[in-house]
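Fold and geometry: a report
Residue-level listing of the chains:
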Amino acid sequence: MTDSFEIAGVPLASRFLLGTAGYPNPQLLAEAVKASQTQLLTVGLKRSAQGGDNGFVAMALAAARAQGARLLPNTAGCRSAAEAVQLACMARELYDTAWIKLEVTGDEHTLQPDPFELLAAASELVKLGFTVLPYCTDDLVLCRRLLDAGCAVLMPWGAPIGSGQGLLNPWALRTLRERLPEAVLIVDAGLGAPSHAAQAMELGYDAVLLNSAVAQARDPVRMAHAFRDAVRAGRQAYLAGVMPAQDFAVPSTPVSGHAFVLS
Ligand SMILES: CC(=O)[C@@H](O)[C@H](O)COP(=O)(O)O
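Residues numbered from 1 in each chain as written. Predicted model: local features only at pLDDT ≥ 70, side-chain atom pairs only at ≥ 80, totals over all residues. Heavy atoms only, no water.

1. Side note on the UniProt feature "active site" (unreviewed entry) in the chain
- Feature annotation in UniProt assigns "active site" (unreviewed entry) to the following positions: Lys 101.
- On the secondary structure map, Lys 101 appears in strand β6 (residues 99-102).
- The exposure class of Lys 101 is buried, given its relative accessible area of 4%.
- Leaving out residues up to four positions away in the same chain, Lys 101 has contacts with Thr 42, Leu 72, Pro 73, Asn 74, Thr 75, Leu 133, Tyr 135, Met 155, Asp 188 and Leu 209. (UniProt positions renumbered as here; feature names shortened; annotations may be inferred. Helix = DSSP H or I, 4+ residues; strand = E, 2+ residues; numbered from the N terminus. Buried < 20%, exposed > 50% of the residue type's maximum accessible area, 1.4 Å probe, protein only. Contact = heavy atoms within 4.5 Å.)

Below you can see the structure in the form of structure tokens.
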């Protein structure tokens, strides 16, 4: 039974989006992509545009093709709206896709997105016909503005990129889910363990995007499997209805009357 979701009218059978940076070698990248069964693979534009990637981008393209996955070029490394728009236009030519993962960094220490440049870039790219997937903070007002600007999807951070800290602010992520029930929401970045991905899915997120936790694992292929399973488990739990947590004990076996009298 498939449980797909849609981005801009395109159904995606996998809710696990994977990044292609930082693998020990291109072969392991290809095997991890296969194990993940992802349908959407990100590719860093700055890396490929600058060349010298030792075959990683070519391997990412081949791995995507082998399993019918789409490419999602990203603007990682951009510091302004103008730079991001320029890079997105290059990506459209290079990869023949109008989908773009929009990243505009505002702080070097946390790699936190710059909300002002992000919104400016998103508005411009939507006008240019792109399907824009912005990597953003979990700020509700910013997220609303990005949707109003025409973004197809929102990708709030779980934690800073590469930190592996998991969901640092579950309250904010839960609030986003509750306040934007119609939006396609994907937790992006900072997930370090499969349990973090499951937690995001249990909150009702449509998908997760991660890179470092798989690429830097001792065994990236096994880790890709683990995340794939965790994403599915979290999704199933959400659909089944996760019980609300409470501050008091409730006996799981109600006791009434006197069932047995031992003599
Ligand atoms: C691959 C990609 O698009 C990254 O920019 C993304 O944010 C992943 O973050 P992690 O490496 O923390 O999973």
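2. A word on the pattern of salt bridges
- Scanning the model with the defined rule gives eight salt bridges in all.
- Between Asp 3 and Arg 15 there is a salt bridge, with the nearest N and O atoms lying 3.3 Å from each other. Separated by 12 residues along the polypeptide, Asp 3 in the segment before β1 (5-7) and Arg 15 in the loop between β2 (10-12) and β3 (16-19) bring together distant segments of the chain.
- In this structure Asp 3 comes out as partly exposed when scored by relative accessible area, which is 24%.
- Note on Arg 15: relative accessible area 7%, which makes it buried.
- The partner of Arg 79 in a salt bridge is Glu 108, with the nearest N and O atoms 2.6 Å apart. (Salt bridge = Lys/Arg side-chain N within 4 Å of Asp/Glu carboxyl O.)

3. Brief notes about the UniProt feature "binding site: 1-deoxy-D-xylulose 5-phosphate" (unreviewed entry) in the chain
- The positions that UniProt labels "binding site: 1-deoxy-D-xylulose 5-phosphate" (unreviewed entry) are, in the present scheme, Gly 162, Ala 189, Gly 190, Asn 211 and Ser 212. In sequence the annotated residues extend across 51 residues, while in space they remain close, none of their C-alpha pairs exceeding 8.9 Å.
- Mapped onto the elements, Gly 162 comes out in the loop between β8 (155-156) and α7 (170-179).
- Beyond its immediate sequence surroundings of up to four residues, Gly 162 is in contact with Gly 190 and Ser 212.
- Along the chain, Asn 211 falls in the loop between β10 (207-210) and α9 (212-215).
- Discounting residues that sit within four places of it in the chain, Asn 211 has contacts with Gly 19, Thr 20, Ala 21 and Tyr 23.
- For Asn 211, the side chain forms a polar contact with the main-chain nitrogen of Thr 20, separated by 3.4 Å. (Polar contact = N/O pair within 3.5 Å; in protein donor to acceptor, adjacent residues only side chain to side chain.)

4. Here we look at the packing of helix α8 (residues 194-202) against helix α10 (residues 220-240)
- Where α8 meets α10, the axes come as close as 7 Å, and the angle between the chain directions of the two elements is 25°. Viewed along their axes, α8 and α10 adopt a mutual orientation that is roughly parallel. Judged by the sense of rotation from one axis to the other, the crossing of α8 with α10 is right-handed. Of the residues in α10, those in contact with Pro 194, Ala 197, Ala 198, Met 201 and Glu 202 of α8 are Met 223, Ala 226, Phe 227, Ala 230, Val 231, Gly 234, Arg 235, Ala 237 and Tyr 238.
- In terms of residue class, the contact of α8 with α10 is built from 11 nonpolar, one polar and two charged. (Axes fitted to C-alpha atoms, helices over the stretch in contact; angles between N-to-C directions. Parallel < 35°, antiparallel > 145°, perpendicular 65-115°, else oblique. Left-handed = near helix turned anticlockwise from the far one by under 90°. Nonpolar A, V, L, I, M, F, W, Y, C, P; charged D, E, K, R; others polar.)

5. Considerations on helix α3 (residues 56-66)
- Residues of α3 that are buried: Phe 56, Val 57, Ala 60, Ala 63 and Ala 64. Burial along α3 is one-sided: seen end-on, the buried residues are contained in an arc of 120°. Across α3 from its buried face, at more than 90 degrees, point the exposed residues Arg 65 and Ala 66.
- Of the residues one or two after α3, Gly 68 is the one with positive phi, at around 65°. (Arc of directions from axis to C-beta.)

6. Focus on the site of the ligand
- Around the ligand lies a shell of 14 residues, among which Lys 101, Glu 103, Gly 162, Asn 211 and Ser 212 are the nearest.
- Within the backbone of Asn 211, one N or O atom sits 2.8 Å away from an oxygen atom of the ligand.
- Considered on its own, the ligand offers 360 Å² of accessible surface; in the complex 94% of this is hidden by protein.
- Residues belonging to the shell around the ligand are distributed by class as follows: four nonpolar, seven polar and three charged. (Near = heavy atom within 4 Å. Areas by Shrake-Rupley, 256 points an atom, 1.4 Å probe, with all protein chains shown as cover.)

7. Concerning the state of the cysteines
- Going through the model one piece at a time under the given rule, you end up with zero disulfides.
- Looking at Cys 78, it has no disulfide partner, and the nearest cysteine sulfur is the one in Cys 89, 11 Å off.
- Judged by relative accessible area, which is 0%, Cys 78 ranks as buried.
- With no disulfide partner, Cys 136 has as its closest neighbouring cysteine sulfur the one in Cys 143, 4.0 Å distant. (Disulfide = S-S within 2.5 Å.)

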